[in-house]
Amino acid sequence: MATTKKYRNLTLGLTTAAVLAAGVGAAHADLVTGRTPASASASAKQSGWDGVTREQVQIDFGKGWVTKAELTYPSAAKGRLPLVIFLHGSGHNDMNQTLPDGAGSTFVPLAQAASREGFATLRFNKRGVTDIGPVESTDPAQLMPKNPYRQIQLDAASVVRFAARSPKVDPGKIFLLGHSEGTNVAANLAAEPRKFGIPKPAGVVEMGVVGKPIKDLLTFQIHGRLLVQLHDEFDVNGDGQLTATEATDGLIAQPKEVADQFRAILLTGRKVKASTDKNHDGRIAIDAEAGPVLRAATGIDQYPNVPGLEPYVVNYAIDLGRFPTVTQALPKFTGPTLLLNGENDVQTPARAALAADAAVAAAGNKDHKIVIYPGMAHTMNITPKFTPAFGEPDKQVITEIQSWLKSHR
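About the criteria used
- Residues numbered from 1 in each chain as written.
- Predicted model: local features only at pLDDT ≥ 70, side-chain atom pairs only at ≥ 80, totals over all residues.
- Heavy atoms only, no water.
- Pairing = 2+ DSSP bridges.
- Helix = DSSP H or I, 4+ residues; strand = E, 2+ residues; numbered from the N terminus.
- pLDDT = per-residue confidence, 0-100.
- Contact = heavy atoms within 4.5 Å.
- Polar contact = N/O pair within 3.5 Å; in protein donor to acceptor, adjacent residues only side chain to side chain.
- Axes fitted to C-alpha atoms, helices over the stretch in contact; angles between N-to-C directions.
- Left-handed = near helix turned anticlockwise from the far one by under 90°.
- Buried < 20%, exposed > 50% of the residue type's maximum accessible area, 1.4 Å probe, protein only.
- Salt bridge = Lys/Arg side-chain N within 4 Å of Asp/Glu carboxyl O.
- Phe/Tyr/Trp six-rings, centres within 6.5 Å; stacked < 30°, edge-to-face > 60°.

### Some remarks on the pairing of strand E8 (residues 169–179)
Here is step 1 of the chain: Two strands pair when backbone bridges link them, and strand E4 (residues 81–87) and E8 are joined in this way by 6 bridges, in the parallel orientation. Among the inter-strand pairings, Val84 is bridged to a residue of E8, identified as Phe175.
Here is step 2 of the chain: Pairing analysis gives 5 bridges linking E8 to strand E9 (residues 203–207), with the strands arranged parallel. Among the inter-strand pairings, Phe175 is bridged to a residue of E9, identified as Gly203.

Below you can see the structure in the form of structure tokens.
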């Protein structure tokens, strides 16, 4: 049994970490369209941008790439404003972090909420992304740089430097808000701002926290989550073993692809599969018997060269593994932190977020907070744990972030 290509894309499109680097070239910026007050149109009111000015800008990332971005601020605001910069999850995301299947976006509702509290916001397309959609470049040098995670960090630092030069922004009040990969990027930047040539962030908000090394996270996403699902959804009496009845019942209402994959290792007709049931007791021990079969089927022990992972993803994982996780980096940051995670998250498990927050506390940071949301998965929406659907952040999450920003303005 192997995880599907669709699931792999979901896994790697929403999980990531960080890059430490020095000697970054300064970014350059130019306004490319006029200012657009959101209050000028009915559509803007309906979209949540009423009373907000949206400036389309460009940020030079270097190495031949100038990216599109949007700087927003309350239209009636005077002077320099606190700013929130949005840092994406992994993959080629646009400035909104547009979600697949018409599920909306991660960053637009959060940016609008920040605007209601008097914050400016800055959203940007990742390197290789030309427009909302996302629409990608055809240039492999931009889509697949040699050290992909390091380049992501450097690009994020360019965005911070651009923001700090804006006459609309207070350079001492720049907040970093990251999702998934962006949590690691934010933590790395905040931990050592001088290395990136940026001002110390005023605060860090993390959603879907990359609190463990990428090898551990990918191992869980590709292999471990399958065992967790067998324990949670199949093993009714909780004894760690599956009878033929439990295996059969566990397949009920599963997506066909998932059911077929589990059936292949658990059942032969109405009996447990003899080749998996090593001790031939008529039951399958989830960890001791199903576990090794799943390890072999997923090829996870060949990490990072896991079968089915594209070469770029392998390169990305290797590069990401060279840098500190949120748990390792964020304790070096002395400013306020807010960590948010879904209890149902099978990309970046809640336990890793708890470990990261504990490390921040142990470092002596008094202004830290963590919230674990029942029923929420990686995109911070209410959705089933093992068959998650994309969705915009739940209202609880938006309200929490909005309130936290207001208290730290």
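What follows picks up the thread again.
### Some thoughts on the confidence of the model for the chain
Here is step 1 of the chain: Of all residues in the chain, 89% have pLDDT values of 70 or greater, and the mean over the chain is 90.
Here is step 2 of the chain: Overall, residues 1–45 carries pLDDT values under 50, and its contacts beyond four positions in sequence, including any with other chains, amount to 154 contacts.

### Focus: the side chain of Asn125
Here is step 1 of the chain: Position of Asn125 relative to the elements: it lies in the loop between strand E5 (120–124) and strand E6 (129–131).
Here is step 2 of the chain: For Asn125, the side chain forms a polar contact with the main-chain nitrogen of Met95, separated by 2.8 Å.
Here is step 3 of the chain: Here Asn125 is in contact with Phe61, Thr67, Lys68, Asn93, Asp94, Met95, Thr130, Asp131 and Ile132, once residues within four sequence places are set aside.

### Regarding the packing of helix H5 (residues 148–165) against helix H6 (residues 181–191)
Here is step 1 of the chain: Two numbers describe how H5 lies on H6: the axes approach to 10 Å, and their chain directions differ by 65 degrees. Considering only the axes of H5 and H6, their crossing is right-handed. Contacts between H5 and H6 involve Tyr149, Ile152, Gln153, Ala156, Ala157 and Val160 from the first element and Glu181, Asn184, Val185, Asn188 and Leu189 from the second.

### With respect to the environment of Asp232
Here is step 1 of the chain: Tracing the sequence through the fold places Asp232 in helix H8 (residues 214–234).
Here is step 2 of the chain: A residue is classified by how much of its surface remains accessible, and Asp232, at 48% relative accessible area, is partly exposed.
Here is step 3 of the chain: Linking Asp232 and Gly250, residues 18 residues apart in sequence, is a C-alpha distance of 9.7 Å.
Here is step 4 of the chain: Those residues in contact with Asp232 that lie beyond four places of it in its chain are Lys385 and Phe386.
Here is step 5 of the chain: Reaching out from Asp232, the side chain makes a polar contact with the side chain of Lys385 at a distance of 3.3 Å.

### Looking at the pattern of salt bridges
Pairing between side chains becomes possible if they bear opposite charge and their charged atoms approach one another.
Here is step 1 of the chain: Counted under the stated rule, the structure contains 13 salt bridges.
Here is step 2 of the chain: Ionic pairing is found between Asp131 and Lys68, a salt bridge with its closest N-O pair at 3.6 Å. Pair noted here: Asp131 is in strand E6 and Lys68 is in strand E3 (residues 65–74), with a separation of 63 residues, a long-range link.
Here is step 3 of the chain: For Lys68, a relative accessible area of 38% translates into the label partly exposed.
Here is step 4 of the chain: A salt bridge links Lys385 to Asp232; the shortest N-O distance between them is 3.3 Å. In this pair, Lys385 is assigned in the loop between strand E15 (368–373) and helix H15 (395–407) and Asp232 in helix H8, connecting sequence segments 153 residues apart.
Here is step 5 of the chain: Overlapping salt bridges, with partners in common, bring together Arg54, Glu70 and Arg123 in one network.

### As for the packing of aromatic side chains
By convention here, two paired aromatic rings are described through the distance between centres and the angle between planes.
Here is step 1 of the chain: Under the criterion given, the structure shown has 7 aromatic pairs.
Here is step 2 of the chain: Look at Tyr149 and Tyr316: their rings are 6.3 Å apart centre to centre, the planes differ by 80 degrees, and that puts the pair in the edge-to-face class. Separated by 167 residues along the polypeptide, Tyr149 in helix H5 and Tyr316 in helix H12 (residues 311–320) bring together distant segments of the chain. Here Tyr149 matches Tyr316 in class, with each residue buried.
Here is step 3 of the chain: Feature note: the residues Phe119, Phe175 and Trp404 constitute an aromatic cluster, connected by ring pairs.

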